[in-house]
Amino acid sequence: MRIVEASLHLVRLPLVHAFQTSSHRKTHLDHILVRLVDESGAEGWGEIASPSDPFYCPETTETCWHIAERYVLPSVVDAVWEHPAELPRLWRKVRGNRFAIAGVDAAGWALWSGVRGVSLAKALGGTRGEVVAGVSLGIEPTYDALLEQVRRQVDAGYPRVKLKIAPGWDTEPVRLVREAFPDLAVHVDANGAYGETAEELAVLRGLDDFGLLMIEQPFAPRNLVAHAALQRSVRTPVCLDESVDTIDDLRTALALGAGRVLNIKVSRMGGLTAAVAAHDLAREHGVDVWCGGMHEFGIGRAANVALSSLPGFTLPSDVSASAKYYARDVVQPEVVADQGVVRVPDGPGLGHTVDVAFIGENRLKETTITAPAESPRRGSPSAA
(Lines give C-alpha, C1' and ligand atoms only; values in the text may rest on other atoms or scores of the structure.)
Protein backbone atom coordinates (compact mmCIF):
# COMPACT_ATOMS: atom_id res chain seq x y z
CA MET A 1 0.00 0.00 0.00
CA ARG A 2 1.05 3.59 -0.52
CA ILE A 3 -0.43 6.59 1.31
CA VAL A 4 -0.59 9.60 -0.98
CA GLU A 5 -2.35 12.04 1.36
CA ALA A 6 -2.59 12.52 5.10
CA SER A 7 -4.52 15.18 6.98
CA LEU A 8 -5.22 16.30 10.53
CA HIS A 9 -8.53 17.81 11.67
CA LEU A 10 -8.86 19.43 15.10
CA VAL A 11 -12.51 19.03 16.11
CA ARG A 12 -14.37 20.28 19.19
CA LEU A 13 -17.50 18.60 20.56
CA PRO A 14 -19.42 19.57 23.71
CA LEU A 15 -20.06 16.92 26.35
CA VAL A 16 -23.68 16.28 27.30
CA HIS A 17 -22.59 16.18 30.95
CA ALA A 18 -19.53 17.81 32.51
CA PHE A 19 -16.87 15.32 33.65
CA GLN A 20 -14.54 15.78 36.61
CA THR A 21 -11.57 13.67 37.66
CA SER A 22 -9.08 14.07 40.50
CA SER A 23 -7.22 16.69 38.43
CA HIS A 24 -9.65 18.70 36.31
CA ARG A 25 -13.16 19.28 34.99
CA LYS A 26 -14.16 19.37 31.32
CA THR A 27 -17.29 20.42 29.44
CA HIS A 28 -16.04 19.83 25.90
CA LEU A 29 -13.28 17.89 24.15
CA ASP A 30 -10.85 18.83 21.38
CA HIS A 31 -9.60 15.76 19.54
CA ILE A 32 -7.49 15.45 16.39
CA LEU A 33 -8.89 13.24 13.65
CA VAL A 34 -6.45 11.63 11.21
CA ARG A 35 -7.31 10.81 7.60
CA LEU A 36 -5.06 8.65 5.42
CA VAL A 37 -5.72 8.18 1.68
CA ASP A 38 -4.08 5.57 -0.57
CA GLU A 39 -3.48 5.56 -4.33
CA SER A 40 -6.93 4.12 -5.04
CA GLY A 41 -8.66 6.93 -3.17
CA ALA A 42 -9.62 4.68 -0.26
CA GLU A 43 -9.39 6.35 3.14
CA GLY A 44 -8.88 5.35 6.74
CA TRP A 45 -9.63 7.44 9.80
CA GLY A 46 -8.02 7.44 13.25
CA GLU A 47 -8.31 9.62 16.34
CA ILE A 48 -5.73 11.35 18.50
CA ALA A 49 -7.72 11.46 21.73
CA SER A 50 -5.21 13.36 23.84
CA PRO A 51 -6.26 15.57 26.73
CA SER A 52 -6.01 19.31 26.24
CA ASP A 53 -3.96 19.71 29.42
CA PRO A 54 -0.97 17.73 30.78
CA PHE A 55 -2.82 16.21 33.74
CA TYR A 56 -3.45 12.63 32.62
CA CYS A 57 -0.20 12.39 30.64
CA PRO A 58 2.55 14.75 29.39
CA GLU A 59 0.95 15.06 25.94
CA THR A 60 -1.63 17.68 25.03
CA THR A 61 -3.64 18.50 21.93
CA GLU A 62 -1.05 21.10 20.94
CA THR A 63 1.94 18.79 21.34
CA CYS A 64 0.17 16.01 19.46
CA TRP A 65 -0.60 18.33 16.56
CA HIS A 66 3.04 19.37 16.35
CA ILE A 67 4.44 15.84 16.52
CA ALA A 68 1.90 14.38 14.11
CA GLU A 69 2.26 17.18 11.57
CA ARG A 70 6.04 17.47 11.65
CA TYR A 71 7.18 13.90 12.25
CA VAL A 72 4.56 11.14 12.09
CA LEU A 73 2.56 12.03 8.98
CA PRO A 74 5.67 12.77 6.87
CA SER A 75 7.01 9.33 7.83
CA VAL A 76 4.02 7.53 6.30
CA VAL A 77 3.18 9.67 3.27
CA ASP A 78 4.66 8.12 0.12
CA ALA A 79 6.01 5.07 1.97
CA VAL A 80 5.22 1.60 0.63
CA TRP A 81 4.00 -0.99 3.15
CA GLU A 82 2.04 -4.23 3.17
CA HIS A 83 0.54 -4.57 6.65
CA PRO A 84 -0.32 -2.00 9.35
CA ALA A 85 1.86 -3.84 11.88
CA GLU A 86 4.80 -2.51 9.83
CA LEU A 87 3.82 1.15 10.33
CA PRO A 88 5.49 1.69 13.73
CA ARG A 89 8.85 1.06 12.08
CA LEU A 90 8.28 4.15 9.95
CA TRP A 91 8.21 6.49 12.95
CA ARG A 92 10.54 4.42 15.15
CA LYS A 93 12.85 7.41 15.75
CA VAL A 94 10.05 9.31 17.54
CA ARG A 95 10.31 8.65 21.27
CA GLY A 96 7.21 8.75 23.45
CA ASN A 97 4.37 10.86 22.03
CA ARG A 98 2.17 7.78 21.97
CA PHE A 99 -1.12 9.66 21.67
CA ALA A 100 0.10 11.41 18.53
CA ILE A 101 1.28 8.11 17.09
CA ALA A 102 -1.86 6.19 18.09
CA GLY A 103 -4.21 8.10 15.80
CA VAL A 104 -2.03 7.52 12.76
CA ASP A 105 -1.52 3.85 13.60
CA ALA A 106 -5.29 3.34 13.98
CA ALA A 107 -5.98 5.15 10.69
CA GLY A 108 -3.56 2.77 8.97
CA TRP A 109 -5.40 -0.24 10.37
CA ALA A 110 -8.76 1.22 9.30
CA LEU A 111 -7.45 1.91 5.80
CA TRP A 112 -5.89 -1.53 5.38
CA SER A 113 -8.90 -3.47 6.65
CA GLY A 114 -11.30 -1.35 4.61
CA VAL A 115 -9.39 -1.91 1.38
CA ARG A 116 -9.38 -5.65 2.02
CA GLY A 117 -13.08 -5.72 2.76
CA VAL A 118 -12.74 -7.09 6.29
CA SER A 119 -13.83 -5.60 9.57
CA LEU A 120 -11.27 -3.91 11.79
CA ALA A 121 -12.16 -6.38 14.54
CA LYS A 122 -11.36 -9.35 12.30
CA ALA A 123 -8.13 -7.74 11.13
CA LEU A 124 -7.02 -7.37 14.75
CA GLY A 125 -7.91 -10.95 15.66
CA GLY A 126 -11.29 -10.36 17.27
CA THR A 127 -13.39 -13.40 18.09
CA ARG A 128 -16.72 -12.07 19.36
CA GLY A 129 -19.59 -10.19 17.78
CA GLU A 130 -20.62 -8.31 20.92
CA VAL A 131 -18.74 -6.66 23.76
CA VAL A 132 -19.97 -5.74 27.22
CA ALA A 133 -19.68 -2.03 27.99
CA GLY A 134 -19.18 -0.17 31.22
CA VAL A 135 -19.40 3.54 31.95
CA SER A 136 -17.07 5.94 33.69
CA LEU A 137 -18.54 8.54 36.03
CA GLY A 138 -16.73 11.65 37.24
CA ILE A 139 -16.65 13.35 40.61
CA GLU A 140 -19.97 15.11 41.16
CA PRO A 141 -20.79 18.22 43.23
CA THR A 142 -22.86 16.18 45.70
CA TYR A 143 -23.41 12.57 46.70
CA ASP A 144 -27.02 12.80 45.53
CA ALA A 145 -25.86 13.94 42.09
CA LEU A 146 -23.51 10.95 41.91
CA LEU A 147 -26.25 8.50 42.90
CA GLU A 148 -28.50 10.03 40.25
CA GLN A 149 -25.83 9.47 37.59
CA VAL A 150 -25.31 5.88 38.70
CA ARG A 151 -29.06 5.23 38.63
CA ARG A 152 -29.27 6.64 35.11
CA GLN A 153 -26.58 4.26 33.84
CA VAL A 154 -28.03 1.25 35.65
CA ASP A 155 -31.42 2.02 34.12
CA ALA A 156 -29.72 2.15 30.72
CA GLY A 157 -28.54 -1.40 31.28
CA TYR A 158 -24.84 -0.91 31.92
CA PRO A 159 -23.56 -3.75 34.16
CA ARG A 160 -20.42 -1.96 35.38
CA VAL A 161 -19.84 1.56 36.66
CA LYS A 162 -16.44 3.13 37.28
CA LEU A 163 -16.27 5.88 39.89
CA LYS A 164 -13.54 8.50 39.85
CA ILE A 165 -12.08 9.00 43.32
CA ALA A 166 -9.61 11.38 44.95
CA PRO A 167 -8.50 12.15 48.51
CA GLY A 168 -11.60 13.48 50.24
CA TRP A 169 -13.94 11.88 47.68
CA ASP A 170 -13.47 8.16 48.16
CA THR A 171 -14.83 6.08 51.03
CA GLU A 172 -18.16 7.84 51.48
CA PRO A 173 -19.29 8.01 47.83
CA VAL A 174 -18.22 4.41 47.31
CA ARG A 175 -20.11 3.33 50.43
CA LEU A 176 -23.27 5.14 49.32
CA VAL A 177 -23.14 3.67 45.81
CA ARG A 178 -22.58 0.17 47.16
CA GLU A 179 -25.49 0.49 49.62
CA ALA A 180 -27.81 1.78 46.89
CA PHE A 181 -26.67 -0.78 44.29
CA PRO A 182 -25.51 -3.89 46.17
CA ASP A 183 -25.35 -6.12 43.08
CA LEU A 184 -23.73 -3.64 40.68
CA ALA A 185 -20.18 -4.25 39.45
CA VAL A 186 -18.31 -1.17 40.65
CA HIS A 187 -14.71 -0.20 40.32
CA VAL A 188 -12.84 2.95 41.31
CA ASP A 189 -10.19 4.97 39.50
CA ALA A 190 -7.86 7.42 41.24
CA ASN A 191 -5.73 8.50 38.25
CA GLY A 192 -2.68 8.36 40.49
CA ALA A 193 -4.03 10.83 43.06
CA TYR A 194 -2.88 9.00 46.23
CA GLY A 195 0.42 9.03 48.07
CA GLU A 196 1.82 6.57 50.55
CA THR A 197 0.94 8.29 53.81
CA ALA A 198 -0.54 6.09 56.52
CA GLU A 199 -3.90 7.84 56.14
CA GLU A 200 -4.07 7.42 52.36
CA LEU A 201 -3.00 3.79 52.50
CA ALA A 202 -5.66 3.11 55.13
CA VAL A 203 -8.31 4.58 52.83
CA LEU A 204 -7.19 2.44 49.89
CA ARG A 205 -7.06 -0.71 51.99
CA GLY A 206 -10.47 0.13 53.42
CA LEU A 207 -11.97 -0.01 49.93
CA ASP A 208 -11.52 -3.78 50.21
CA ASP A 209 -14.75 -3.82 52.25
CA PHE A 210 -16.97 -2.80 49.32
CA GLY A 211 -16.57 -5.76 46.98
CA LEU A 212 -15.10 -3.71 44.15
CA LEU A 213 -14.19 -5.11 40.76
CA MET A 214 -10.83 -3.33 40.97
CA ILE A 215 -8.92 -0.32 42.30
CA GLU A 216 -7.45 1.44 39.29
CA GLN A 217 -4.19 3.42 39.31
CA PRO A 218 -4.11 4.56 42.94
CA PHE A 219 -0.50 5.82 42.81
CA ALA A 220 1.67 7.85 40.45
CA PRO A 221 2.45 6.22 37.08
CA ARG A 222 6.07 5.26 37.76
CA ASN A 223 5.44 4.02 41.30
CA LEU A 224 5.04 0.37 40.45
CA VAL A 225 6.60 -0.66 43.77
CA ALA A 226 3.74 0.99 45.71
CA HIS A 227 1.17 -0.70 43.48
CA ALA A 228 2.82 -4.08 44.13
CA ALA A 229 2.82 -3.48 47.89
CA LEU A 230 -0.86 -2.52 47.87
CA GLN A 231 -1.78 -5.54 45.77
CA ARG A 232 -0.13 -7.80 48.34
CA SER A 233 -2.18 -6.22 51.12
CA VAL A 234 -5.68 -6.23 49.57
CA ARG A 235 -8.02 -8.81 48.09
CA THR A 236 -9.34 -6.40 45.46
CA PRO A 237 -7.41 -6.55 42.18
CA VAL A 238 -5.22 -3.52 41.50
CA CYS A 239 -5.55 -2.28 37.94
CA LEU A 240 -2.79 -0.40 36.11
CA ASP A 241 -3.51 2.36 33.63
CA GLU A 242 -1.06 5.28 33.45
CA SER A 243 1.74 3.01 34.72
CA VAL A 244 1.81 0.99 31.50
CA ASP A 245 2.66 3.04 28.43
CA THR A 246 4.78 0.42 26.68
CA ILE A 247 5.27 -3.33 26.48
CA ASP A 248 8.45 -2.88 28.52
CA ASP A 249 6.38 -1.20 31.27
CA LEU A 250 4.03 -4.17 31.23
CA ARG A 251 6.91 -6.64 31.53
CA THR A 252 8.20 -4.73 34.57
CA ALA A 253 4.73 -4.61 36.16
CA LEU A 254 4.30 -8.34 35.66
CA ALA A 255 7.68 -9.07 37.21
CA LEU A 256 6.84 -6.96 40.27
CA GLY A 257 3.31 -8.28 40.68
CA ALA A 258 2.09 -4.67 40.56
CA GLY A 259 -1.47 -5.52 39.61
CA ARG A 260 -3.86 -8.25 38.51
CA VAL A 261 -5.73 -6.23 35.88
CA LEU A 262 -4.59 -4.07 32.96
CA ASN A 263 -6.49 -1.20 31.39
CA ILE A 264 -5.43 -1.17 27.73
CA LYS A 265 -5.96 2.21 26.14
CA VAL A 266 -5.22 2.47 22.43
CA SER A 267 -4.12 6.10 22.82
CA ARG A 268 -1.90 5.61 25.86
CA MET A 269 -0.07 2.67 24.33
CA GLY A 270 0.54 4.24 20.94
CA GLY A 271 -2.05 2.59 18.74
CA LEU A 272 -3.76 -0.65 17.89
CA THR A 273 -0.53 -2.45 17.05
CA ALA A 274 0.83 -1.91 20.57
CA ALA A 275 -2.56 -2.54 22.17
CA VAL A 276 -2.82 -5.99 20.56
CA ALA A 277 0.72 -6.81 21.74
CA ALA A 278 -0.22 -5.77 25.30
CA HIS A 279 -3.33 -7.94 25.13
CA ASP A 280 -1.30 -10.94 24.02
CA LEU A 281 1.36 -10.54 26.73
CA ALA A 282 -1.17 -9.97 29.51
CA ARG A 283 -3.20 -12.98 28.42
CA GLU A 284 -0.06 -15.11 28.40
CA HIS A 285 0.49 -14.18 32.06
CA GLY A 286 -3.12 -14.63 33.18
CA VAL A 287 -3.79 -10.92 33.66
CA ASP A 288 -7.34 -9.76 32.94
CA VAL A 289 -7.63 -6.85 30.52
CA TRP A 290 -10.29 -4.38 29.51
CA CYS A 291 -10.31 -1.49 27.05
CA GLY A 292 -10.24 1.94 28.64
CA GLY A 293 -11.30 5.12 26.92
CA MET A 294 -10.44 8.79 26.61
CA HIS A 295 -14.01 9.92 25.82
CA GLU A 296 -13.25 9.26 22.18
CA PHE A 297 -15.43 10.51 19.37
CA GLY A 298 -16.99 7.79 17.24
CA ILE A 299 -13.83 7.09 15.24
CA GLY A 300 -11.72 6.24 18.27
CA ARG A 301 -14.69 4.58 19.95
CA ALA A 302 -15.16 2.24 16.96
CA ALA A 303 -11.49 1.26 17.17
CA ASN A 304 -11.95 0.52 20.88
CA VAL A 305 -14.95 -1.68 20.15
CA ALA A 306 -12.96 -3.62 17.56
CA LEU A 307 -10.08 -4.10 19.99
CA SER A 308 -12.47 -5.23 22.75
CA SER A 309 -13.57 -8.13 20.58
CA LEU A 310 -10.23 -9.88 21.16
CA PRO A 311 -10.50 -12.96 23.41
CA GLY A 312 -8.51 -11.61 26.37
CA PHE A 313 -10.90 -8.71 27.03
CA THR A 314 -12.89 -10.50 29.69
CA LEU A 315 -14.04 -7.46 31.71
CA PRO A 316 -16.50 -4.72 30.66
CA SER A 317 -14.75 -2.07 28.58
CA ASP A 318 -15.26 1.70 28.32
CA VAL A 319 -17.04 1.44 24.97
CA SER A 320 -20.38 2.90 26.01
CA ALA A 321 -22.76 4.50 23.53
CA SER A 322 -21.92 7.76 21.76
CA ALA A 323 -24.98 9.35 23.37
CA LYS A 324 -23.44 8.87 26.82
CA TYR A 325 -21.04 11.71 25.96
CA TYR A 326 -22.16 13.51 22.80
CA ALA A 327 -25.46 14.85 21.45
CA ARG A 328 -24.17 14.03 17.97
CA ASP A 329 -21.12 12.00 16.99
CA VAL A 330 -18.76 12.13 14.01
CA VAL A 331 -19.78 8.70 12.68
CA GLN A 332 -22.96 7.16 11.36
CA PRO A 333 -24.46 5.06 12.69
CA GLU A 334 -23.34 6.17 16.11
CA VAL A 335 -22.07 3.62 18.60
CA VAL A 336 -25.12 2.18 20.39
CA ALA A 337 -25.34 0.09 23.55
CA ASP A 338 -28.34 -2.17 24.09
CA GLN A 339 -28.61 -3.03 27.78
CA GLY A 340 -24.89 -2.50 28.16
CA VAL A 341 -23.90 -4.56 25.13
CA VAL A 342 -22.32 -3.06 22.00
CA ARG A 343 -22.41 -4.92 18.69
CA VAL A 344 -19.05 -5.28 16.95
CA PRO A 345 -19.44 -4.04 13.35
CA ASP A 346 -18.77 -6.67 10.70
CA GLY A 347 -18.53 -4.25 7.77
CA PRO A 348 -15.20 -3.27 6.18
CA GLY A 349 -12.84 -1.11 8.20
CA LEU A 350 -14.36 0.78 11.11
CA GLY A 351 -17.85 -0.38 10.12
CA HIS A 352 -19.12 3.20 10.43
CA THR A 353 -19.38 6.04 7.92
CA VAL A 354 -17.39 9.11 8.90
CA ASP A 355 -19.60 12.22 8.85
CA VAL A 356 -17.21 14.52 6.97
CA ALA A 357 -19.72 17.38 6.78
CA PHE A 358 -20.28 17.35 10.55
CA ILE A 359 -16.53 17.26 11.12
CA GLY A 360 -16.22 20.33 8.92
CA GLU A 361 -18.87 22.17 10.95
CA ASN A 362 -16.97 21.55 14.19
CA ARG A 363 -13.40 21.79 12.92
CA LEU A 364 -11.07 24.34 14.50
CA LYS A 365 -8.18 23.82 12.08
CA GLU A 366 -6.77 21.34 9.56
CA THR A 367 -3.60 20.54 7.66
CA THR A 368 -2.80 18.20 4.76
CA ILE A 369 0.39 16.57 3.52
CA THR A 370 0.53 15.05 0.04
CA ALA A 371 3.01 12.73 -1.65
CA PRO A 372 5.26 14.19 -4.37
CA ALA A 373 4.38 13.53 -7.98
CA GLU A 374 7.56 11.52 -8.60
CA SER A 375 7.99 7.84 -7.83
CA PRO A 376 7.11 6.65 -4.31
CA ARG A 377 9.72 5.82 -1.72
CA ARG A 378 10.74 2.20 -2.14
CA GLY A 379 12.13 -0.25 0.34
CA SER A 380 10.90 -1.73 3.55
CA PRO A 381 9.60 0.44 6.39
CA SER A 382 12.70 -0.47 8.38
CA ALA A 383 14.78 1.47 5.88
CA ALA A 384 12.50 4.51 5.82
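Refer to the preceding data block for the structure.
A brief report on the enclosed structure follows. Here the structure is a predicted model, which means the values were calculated and not measured. (Residues numbered from 1 in each chain as written. Predicted model: local features only at pLDDT ≥ 70, side-chain atom pairs only at ≥ 80, totals over all residues. Heavy atoms only, no water.)

1. Section: the overall build of the chain
Each helix and strand counted, the chain has twelve helices and 16 strands in total. Computed over C-alpha atoms, the radius of gyration of the chain comes to 20 Å, within 12% of the 21 Å expected from 2.2 N^0.38 for 384 residues, which places it in the range of a compact globule. Taking the intrachain contacts of the chain between residues at least 6 apart in sequence as the baseline, contacts between residues at least 24 apart amount to 73%. Carbon and sulfur atoms make up 51% of the accessible area of the chain, which amounts to about 15100 Å² in all. Side-chain charges in the chain split into 38 positive and 48 negative, and the spacing between the mean points of these groups amounts to 4 Å. (Helix = DSSP H or I, 4+ residues; strand = E, 2+ residues; numbered from the N terminus. Rg over C-alpha atoms; globule rule 2.2 N^0.38 Å. Contact = heavy atoms within 4.5 Å. Areas by Shrake-Rupley, 256 points an atom, 1.4 Å probe, with all protein chains shown as cover. Lys, Arg positive; Asp, Glu negative; His and termini not counted. Charge placed at Lys NZ, Arg CZ, Asp CG, Glu CD.)

2. So, the sheet that holds strand E11 (residues 288-291)
Pairing in this open sheet of seven strands is parallel, and the strands run E5-E6-E7-E8-E9-E10-E11 from one edge to the other. Looking at which strands have only one partner, the edges of the open sheet turn out to be strand E5 (135-137) and E11. Where E5 and strand E6 (residues 160-164) come together, three bridges link them in parallel fashion. When the sheet's bridge partners are listed, Ser136 is paired in E6 with Lys162. (Pairing = 2+ DSSP bridges.)

3. Quick look at the packing of helix H4 (residues 143-155) against helix H5 (residues 171-180)
Contact geometry for H4 and H5: axes closest at 10 Å, N-to-C directions at 45 degrees. Between H4 and H5, the angle falls in the class oblique. Considering the relative orientation of H4 and H5, their crossing is right-handed. Between H4, through Tyr143, Leu146, Leu147 and Val150, and H5, the contact on the second element is made entirely by Glu172, Pro173, Leu176, Val177 and Ala180. Along the lines of polarity and charge, the residues of the contact of H4 with H5 split into eight nonpolar, no polar and one charged. (Axes fitted to C-alpha atoms, helices over the stretch in contact; angles between N-to-C directions. Parallel < 35°, antiparallel > 145°, perpendicular 65-115°, else oblique. Left-handed = near helix turned anticlockwise from the far one by under 90°. Nonpolar A, V, L, I, M, F, W, Y, C, P; charged D, E, K, R; others polar.)

4. Structural notes on the nonpolar core
Val150, Leu163, Leu207, Leu262, Ile264, Leu272 and Leu307 are the most contacted members of the largest nonpolar core, which totals 90 residues. In this structure, this core is formed jointly by two domains, domain 1 (2-117 + 356-370) and domain 2 (123-353), each of which donates at least three residues. Not counting residues up to four positions away in its chain, the partners in contact with Val150 are Leu137, Val161, Leu163, Val177, Phe181 and Leu184. Ranked by size, the runner-up nonpolar core spans 34 residues in total, among them Leu10, Val34, Cys57 and Leu90. (Core = buried A, V, L, I, M, F, W, Y, C linked by side-chain atoms within 4.5 Å. Buried < 20%, exposed > 50% of the residue type's maximum accessible area, 1.4 Å probe, protein only. Domains from an automatic or database assignment.)

5. Regarding the packing of aromatic side chains
Tallying each qualifying case throughout the model produces five aromatic pairs. Pairing Tyr143 with Trp169 gives two aromatic rings, centres 5.1 Å apart and planes at 35 degrees, and the pair type is tilted. Here Tyr143, found in helix H4, pairs with Trp169, found in the loop between E6 and H5; they are 26 residues apart in sequence, far enough to count as distant. Since its relative accessible area comes to 32%, Tyr143 is described here as partly exposed. Both rings, one in Phe297 and one in Tyr326, keep their centres 5.3 Å apart while their planes meet at 85 degrees; by these two values the pair is edge-to-face. One end of the pair, Phe297, is in the loop between E11 and helix H11 (298-308); the other, Tyr326, is in the loop between H11 and strand E12 (331-332), with 29 residues separating them in the sequence. Three or more aromatic residues joined by ring pairs make a cluster, and in this case those are Phe297, Tyr325 and Tyr326. Positioned over the ring face of Trp290 is Arg160, at 5.1 Å from the centre of the ring. Above the plane of the ring of Trp65 lies Lys365, whose end atom (NZ or CZ) is 4.3 Å from the centre. (Phe/Tyr/Trp six-rings, centres within 6.5 Å; stacked < 30°, edge-to-face > 60°. Lys NZ or Arg CZ within 6 Å of the ring centre and 35° of its normal.)

6. Observations regarding the pairing of strand E3 (residues 43-48)
Counting buried positions over the six residues of E3 gives five, a clear majority of the element. In terms of strand pairing, strand E2 (residues 25-38) meets E3 through six bridges, oriented antiparallel. Bridge assignment links Leu36 to a residue of E3, and that residue is Gly44. Counting the residues in the hairpin turn of E2 and E3 gives four residues, including Gly41, whose phi is positive at 95 degrees.

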